Amino acid sequence: MLEVRNLRKRFGGLVATNDVSFVVAAGSISSLIGPNGAGKTTIFAQISGFHQPDGGEITFAGQSLIGLAPERICLLGVTRTFQIVQPFAGLNVRENIAVGAHLHRAGRREALAHAETVAQRVGLASQLDKPAAALTIAGRKRLELAKALATDPKLILLDEVMAGLNPSEIDEIIPVIRGIRDGGVTILLIEHVMRAVMNLSDHAWVLNNGSLIASGTPAQIAADPQVIEAYLGHGAAARMAAQQQEAHHA
Amino acid sequence: MRNLAAILIFTVVLLPLPLLVKSDFWITWLTLALFYAYLGQAWNLLGGYGGQFSFGHALFFGTGAYCTAVLQIHLGLNAWAGFALAAVAAGAVGAGTGWLVFRYGLRGSYFALVTLAFAEVFRILANTFAFTGAGVGLLVPLQPGIEQMQFASKAGFFWLLLVLVMLALLFTWRLENSRFGARLMAVRENEDAARALGVDPFSTKLTAIVASGAIAGSAGAIYVQLFLYIDPNIAFGPGMSVEALLVPIIGGLGTIFGPVLGAFALHAIAEIGRMTFGEAPGLNLVLYGLLLVAMVLFLPNGLFGLGKVSFGRNILRRLFKRGAHA
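Residues numbered from 1 in each chain as written. Chains lettered and ligands numbered in written order. Predicted model: local features only at pLDDT ≥ 70, side-chain atom pairs only at ≥ 80, totals over all residues.

Q: Would you explain helix α4 (residues 58–75) of chain B in this entry?
A: For an α-helix, 3.6 residues make a turn, and residues three or four places apart therefore share a direction. All names here are of chain B. A rise of 1.5 Å per residue sets the reference length of α4, with its 18 residues, at 26 Å; its end C-alpha atoms lie 24 Å apart and thus fit the reference within 8%. Of all the 18 residues making up α4, 14 are buried; the element is thus mostly covered by neighbouring parts of the structure. Looking at the residues trailing α4, positive phi occurs at Gly 76, about 65 degrees. (Helix = DSSP H or I, 4+ residues; strand = E, 2+ residues; numbered from the N terminus. Expected span 1.5 Å × (residues − 1). Buried ≥ 20, exposed ≤ 12 C-beta atoms within 10 Å, placed from the backbone.)

And the structure:
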């Protein structure tokens, strides 16, 4: 459904995206993981049109997204959320979601009604009349999800929707995300919460210093020595293997 | 629906005032308050709902004023036609400036400065050319009669302005309940978030500045018929720009009734100022400056915000903050 080929982006001397290629299958939940600064959000920004890549190709349902403005890409059915939540602070929750709903609905009444339906799906139904600025961080993450969902996307890019949530809030949002996929929306996640990645994804890619270093099911990824090194430092995989062996012998 | 009822009540209450108030002074006062309310409504559309703080709305006001005055004097055009053309001309100027500033993504204080600069350029141009009367200005001939938008009694202009203010109120009410309004407010709150949801900020802001400019231009045409005189300083000077922005800021940014409330409050204060300080020229601008500072500090949601303080936000502070490091 989404195909990224040989994507390259540099900011001055920093190579943010180094020859990255991957394919997101329709109807799947996939994850992009990696340490802080690996370049995950930069890839999202290129897919959604906020940054222009220096080279490579991004196609969605056969159409190239290169050079399109974010609003055009959204109209094609690809919507992103922001890692740092971006609510329309002066509007209430219902009006916030309605901005997304208006993409395919001209009438105010229709858009507000759709906003309510979406709010129910993400568990915001009881807060519809609250100003967005008054929501807790968990509420804002849900709002971020709801606004994007209201545009009726085919592919949704979720940038760390679980960061800053406590374990019980994470447990609440996992079924919400699965429910969105079951509703026919393909999902690509950036996530640090490993429990969620393991639990949700069909497929995961690991990014480090701008390059993909591993690809596979979450279980395969977790056992990959290169991935362990990326997270825990050089030599960590060997040390862990040695420790395990010692423990085995003892 | 509540707002619609309020608009109706406002109109019905003000409608018979010229028949009840016999003093010419008060009729003039009310007429001017309505005039500034109308100008403020134009500004509120772009500044209050769109978050684009113009410091040069005199640009549109003056374009409208000169458009109707020049066409009337040099070509003998009818005043009502001049009124319509003034709106078109000012809307076109809005499209031109909007295209330039929004294409290059100027926001916050940069947008404010560019609008101010454009108004100044037009002021200098109007000061230069003969067909605008240069520094002397233009005198519109007195032709009493409703067909030339000149009324025998003071009440005529009051009613005309009341109708215009009511239409602008209805327009704003429609805006609040429309897709365009939702997009405009989304752009005001957060442009990137709006883009991610498929809103095109460029075309949204451009539409807003054209509409705002057209309304301000029509206010200029009214001004010319009311005073039968226009010169570069009145038309394009900072005085009119300040009035246009102060009225909605005092009343309540991005609210339907804010500009009306603000215009009446501001002109009550200005009147008191005139009585206290006498006719010392320029002192009312000092008063306006103090008022603006006080509003930003203590009542960022305007007088209208007094009613709903719980709505814990303020566009103004955020805008000034954003402007500081834009």
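Don't stop here, the text continues.
Q: Sorry, what's going on with the sheet that holds strand β1 (residues 2–11) of chain A here?
A: Picture the strands of a sheet paired through backbone hydrogen bonds; they go either parallel or antiparallel. Residue and element names in this part refer to chain A. Reading across from one edge, β2-β1-β4-β5 is the order of the four strands in this open sheet, with antiparallel pairing throughout. With partners counted over all chains shown, the strands left at the sheet margins are β2 (14–24) and β5 (63–64), one partner each. As paired strands, β1 and β2 are joined by eight bridges and run antiparallel to one another. The residue of β2 that forms the bridge with Arg 10 is Val 15. Its contacts with the sheet put helix α1 (residues 40–47) on β1, β2 and β4 (55–60), and the angle it makes with β2 is roughly 65 degrees. (Pairing = 2+ DSSP bridges. Contact = placed C-beta atoms within 7 Å. Axes fitted to C-alpha atoms, helices over the stretch in contact; angles between N-to-C directions.)

Q: For this particular structure, what's the right way to read the packing of helix α3 (residues 24–49) of chain B against helix α7 (residues 155–176) of chain B?
A: Packed helix pairs are characterised by how far apart their axes lie and by the angle those axes make with each other. Residues and elements named next belong to chain B. The geometry of α3 relative to α7 is characterised by a closest axis approach of 9 Å and an angle of 25 degrees between their N-to-C directions. Between α3 and α7, the angle is such that the two are roughly parallel. As for the relative orientation of α3 and α7, their crossing is left-handed in sense. Contacts between α3 and α7 pair Ile 27, Leu 30, Thr 31, Leu 34, Phe 35, Ala 37, Tyr 38, Gln 41 and Tyr 49 from the former with Ala 155, Phe 157, Phe 158, Leu 161, Leu 162, Leu 164, Val 165, Ala 168, Thr 172 and Leu 175 from the latter. Looking at the contact of α3 with α7, its residues break down into 16 nonpolar, three polar and no charged. (Parallel < 35°, antiparallel > 145°, perpendicular 65-115°, else oblique. Left-handed = near helix turned anticlockwise from the far one by under 90°. Nonpolar A, V, L, I, M, F, W, Y, C, P; charged D, E, K, R; others polar.)

Q: Would you mind showing me how to read the nonpolar core here?
A: Side chains of nonpolar character tend, in soluble globular proteins, to be buried together. All names here are of chain B. Formed by 168 residues in total, the largest nonpolar core has its most connected members in Leu 39, Leu 161 and Val 165. Element by element, the count of residues in this core is highest for α3, at 13 residues. Discounting chain neighbours no more than four positions away, the residues touching Val 165 are Leu 34, Ala 37, Tyr 38, Gln 41 and Val 260. (Core = buried A, V, L, I, M, F, W, Y, C linked by C-beta atoms within 7 Å.)

Q: Just checking my understanding: could you explain the packing of helix α13 (residues 258–277) of chain B against helix α14 (residues 283–298) of chain B for this structure?
A: All names here are of chain B. Two elements in contact, α13 and α14, have axes separated by 10 Å at closest approach and are oriented at 130 degrees. Judged by the inter-axis angle, α13 sits oblique to α14. Like other packed secondary-structure pairs, α13 and α14 cross with a definite hand, here right-handed. Contacts between α13 and α14 involve Ile 269, Ala 270, Gly 273, Arg 274 and Phe 277 on the former and, on the latter, Leu 283, Asn 284, Leu 287 and Leu 291. Taken together, the residues of the contact of α13 with α14 sort by class into six nonpolar, two polar and one charged.

Q: What is the right way to read the interface of chain A and chain B from this model?
A: When the parts come together, some accessible area is lost, and that loss is often what is quoted as the size of the interface. The interface is formed by 27 residues belonging to chain A together with 22 residues belonging to chain B. Among the elements of the structure, α2 (70–76), β6 (78–80), α3 (93–101) and α4 (108–122) of chain A are those that each provide at least two residues to the side of chain A that touches chain B. Considered class by class, the residues forming the side of chain A that touches chain B number 15 nonpolar, seven polar and five charged.

Q: What is the right way to look at the sheet that holds strand β9 (residues 203–208) of chain A in this model?
A: All names here are of chain A. If you trace the six strands from one edge of the open sheet to the other, you get β6-β7-β8-β3-β9-β10, paired in mixed fashion. The open sheet terminates on both sides in strands that have one partner only, identified here as β6 and β10 (211–216). Taken pair by pair, the neighbouring strands of this sheet meet at an average axis angle of 15 degrees, ignoring direction. Here β6 pairs with strand β7 (residues 155–159) via three bridges, running parallel. Among the inter-strand pairings, Arg 80 is bridged to a residue of β7, identified as Leu 157.

Any functional reading would require information beyond the geometric quantities listed.
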